[in-house]
Amino acid sequence: MLRSTICQKCGAILEINNIDQNHEWSAFNIEEFNDKARTGTPSSLARHDMGLFTVIGRTDKDASGGKIDPIVRSTMERLKTWDYRTQIHTPAARNLRQAFSELDVLKAKLGLSDAIIEKTAYIYRKAQERRLVRGRTTSAILAASIYIACREIGMPRTLKDISTVSNIKRKDLARSYRFIVSKLELKIPVLDPIKCIVRVANKANLSEITKRKAIDLMYKINENELAAGKDPMGLAASVLYLSSMNNRDSNEHRTQSDLAAAAGVTEVTIRNRTQELRKKSCLKIIR
DNA sequence: TAAGATAAGAGGGACAT
DNA sequence: ATGTCAGTCTTATCTTA
């Protein structure tokens, strides 16, 4: 089944024709489930075996119901043992399993889409194949993989967001992030300041009008190349601050500390950006 | 109470040694 | 590899309107 994921707030298409890998039927008890299931778990990179595990049953009957020859039976037992061992008991698989169970927890905490989870898993696998996890913690590499996946997909999540929920220090997270990016030679797109505006505006409960004004202002800033080297979140917060102050509707006024909290930057950063922007006559900022 | 000012300190990139 | 430098952001504190 194909479907697209569309942002309900701004209408942006986040994913197009992504395949829904869940089963299309519903079951209310085990019997019904077994009856309807034609396949196993959906295949996913975010499982140590990609969801493609084998299960060798315990039964001593063959497919047509006859008794299995004891010699074959003992072969099957040995296969079963080895199958089991190769599934989880290689250090790599064990590590993946641990990483992906952590990933599952973080997925919920950060509200990540399946596409991001798959991307994260892909990056983590690559990192593991290249032996980049050695000497670093699984959690740090995993958290960094999440950050990379978010950046690649263009979902604004800051290092701080991820560091708070994963209990990895921002510093370590940033280090692991740069390490993976350089070793895997990844090209990370710059964080889109427009997306940052949308995110901060939603967090601060600002109206569409203010958001729209802020986005227009951000376009002007980009045209005049004033954004270089600035933290996009800080810039977004400042632009929203200016827009909210210029909106006559008093419900739209936000203090610097409100927006600082929403964007995860300090008030001082907002002040500095605001000052700079006000000085630029080309932006025609009132006040 | 919100906003502005100032200073010290952290962390990382660019560049030279 | 290691050190220095300019620029950025954060934290903390004090002042101003």
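Just so it is clear, the structure is predicted and the values come from calculations on it, not from any experiment.

### Focus: helix H3 (residues 91–110)
Okay, so step 1: Between its terminal C-alpha atoms H3 stretches 28 Å, which fits the 28 Å expected from 20 residues at 1.5 Å a residue.
Okay, so step 2: Taken together, the buried positions of H3 are Ala93, Asn95, Leu96, Ala99, Phe100, Leu103, Leu106 and Leu110. The arc that holds the buried residues of H3, viewed along the axis, is 145°, so those residues lie on one side. Exposed and facing more than 90 degrees away from the buried side of H3 are Asp104, Ala108 and Lys109.
Okay, so step 3: Within two residues after H3, Gly111 carries a phi angle of roughly 65°, on the positive side.

### A few points about the protein's contact with DNA strand B
Okay, so step 1: Taken together, Lys171, Arg175, Arg178, Tyr241, Thr255, Gln256, Arg271, Gln275 and Arg278 make up all the residues around DNA strand B.
Okay, so step 2: Of everything in DNA strand B that lies within 4 Å of the protein, sugar and phosphate atoms constitute 88%.
Okay, so step 3: Within the side chain of Arg178, an N or O atom sits 2.7 Å from a phosphate oxygen of DNA strand B.
Okay, so step 4: Contact between DNA strand B and Gln256: a phosphate oxygen at 2.5 Å from a side-chain N or O atom of the residue.
Okay, so step 5: Its residues assigned to classes, the surface near DNA strand B comprises 1 nonpolar, 3 polar and 5 charged.

### Points about the packing of helix H4 (residues 114–129) against helix H5 (residues 138–153)
Okay, so step 1: Relative to each other, H4 and H5 sit at 130°, their axes nearing to 8 Å. Between H4 and H5, the angle is such that the two are oblique. Between H4 and H5 lies a crossing of right-handed hand. Contacts between H4 and H5 involve Ala115, Ile116, Lys119, Thr120, Ile123, Tyr124 and Ala127 from the former and Thr138, Ile141, Leu142, Ser145, Ile146, Ile148, Ala149, Cys150, Glu152 and Ile153 from the latter.
Okay, so step 2: Tallied by class, the residues present in the contact of H4 with H5 amount to 12 nonpolar, 3 polar and 2 charged.

### Remarks on a nonpolar patch on the surface
Okay, so step 1: There is a patch of nonpolar side chains on the surface, built from Val72, Met76 and Leu79 and spanning about 240 Å² of accessible area.
Okay, so step 2: Residue Leu79 is classed as partly exposed on the basis of its relative accessible area of 45%.

### Notes on the domain arrangement of chain A
Accessible area lost when the parts come together is the quantity often used to give the size of an interface.
Okay, so step 1: Per the domain assignment, the segments of chain A are domain 1 (92–183) and domain 2 (193–283).
Okay, so step 2: Inter-centroid distance (C-alpha atoms) of domain 1 to domain 2 is 29 Å.
Okay, so step 3: Listed by partner, the interface residues are 7 residues for domain 1 and 5 residues for domain 2.
Okay, so step 4: Here domain 1 is connected to domain 2 by 1 salt bridge.
Okay, so step 5: Across the pair Asp161 and Arg199 runs a salt bridge, and its minimum N-O distance is 2.9 Å.
Okay, so step 6: In terms of residue class, the side of domain 1 that touches domain 2 is built from 2 nonpolar, 2 polar and 3 charged.

### Notes on the environment of Lys187
Okay, so step 1: Relative to the helices and strands, Lys187 is located in the loop between helix H7 (170–183) and helix H8 (193–203).
Okay, so step 2: Measuring from C-alpha to C-alpha, the distance between Lys187 and Ile148 comes to 9.8 Å, with 39 residues separating the pair along the chain.

### Brief notes about the environment of Gly264
Okay, so step 1: Positionally, Gly264 belongs in the loop between helix H11 (256–263) and helix H12 (267–279).
Okay, so step 2: Classification of Gly264 by relative accessible area gives partly exposed; the value is 35%.
Okay, so step 3: Expressed as a C-alpha distance, the spacing of Gly264 and Met233, which sit 31 residues apart in the sequence, is 7.6 Å.

### Structural notes on unusual backbone geometry
Okay, so step 1: We note that Asn167 has phi near 60°; this positive angle belongs to a residue other than glycine.
Okay, so step 2: By the element assignment, Asn167 lies in the loop between helix H6 (159–166) and H7.
Okay, so step 3: Taking relative accessible area as the criterion, Asn167 reaches 71% and is therefore assigned exposed.
Okay, so step 4: Residue Asn205 is not a glycine yet carries a positive backbone phi of 55°.

### A closer look at the protein's contact with DNA strand C
Okay, so step 1: Close contacts around DNA strand C come from Gly229, Lys230, Asp231, Val265, Thr266, Val268, Thr269 and Arg273, and that covers them all.
Okay, so step 2: One of the side-chain nitrogen or oxygen atoms of Thr266 is found 3.2 Å away from a phosphate oxygen of DNA strand C.
Okay, so step 3: For DNA strand C, a phosphate oxygen lies 2.5 Å from a polar atom in the side chain of Arg273.
Okay, so step 4: Broken down by class, the residue content of the surface near DNA strand C amounts to 2 nonpolar, 3 polar and 3 charged.

Criteria and cut-off values
Residues numbered from 1 in each chain as written. Chains lettered and ligands numbered in written order. Predicted model: local features only at pLDDT ≥ 70, side-chain atom pairs only at ≥ 80, totals over all residues. Heavy atoms only, no water. Helix = DSSP H or I, 4+ residues; strand = E, 2+ residues; numbered from the N terminus. Expected span 1.5 Å × (residues − 1). Buried < 20%, exposed > 50% of the residue type's maximum accessible area, 1.4 Å probe, protein only. Arc of directions from axis to C-beta. Near = heavy atom within 4 Å. Polar contact = N/O pair within 3.5 Å; in protein donor to acceptor, adjacent residues only side chain to side chain. Nonpolar A, V, L, I, M, F, W, Y, C, P; charged D, E, K, R; others polar. Axes fitted to C-alpha atoms, helices over the stretch in contact; angles between N-to-C directions. Parallel < 35°, antiparallel > 145°, perpendicular 65-115°, else oblique. Left-handed = near helix turned anticlockwise from the far one by under 90°. Contact = heavy atoms within 4.5 Å. Patch = residues over 30% accessible without salt bridge, like charges linked within 9 Å, V, L, I, M, F, W, Y side chains within 5 Å. Areas by Shrake-Rupley, 256 points an atom, 1.4 Å probe, with all protein chains shown as cover. Salt bridge = Lys/Arg side-chain N within 4 Å of Asp/Glu carboxyl O. Domains from an automatic or database assignment.

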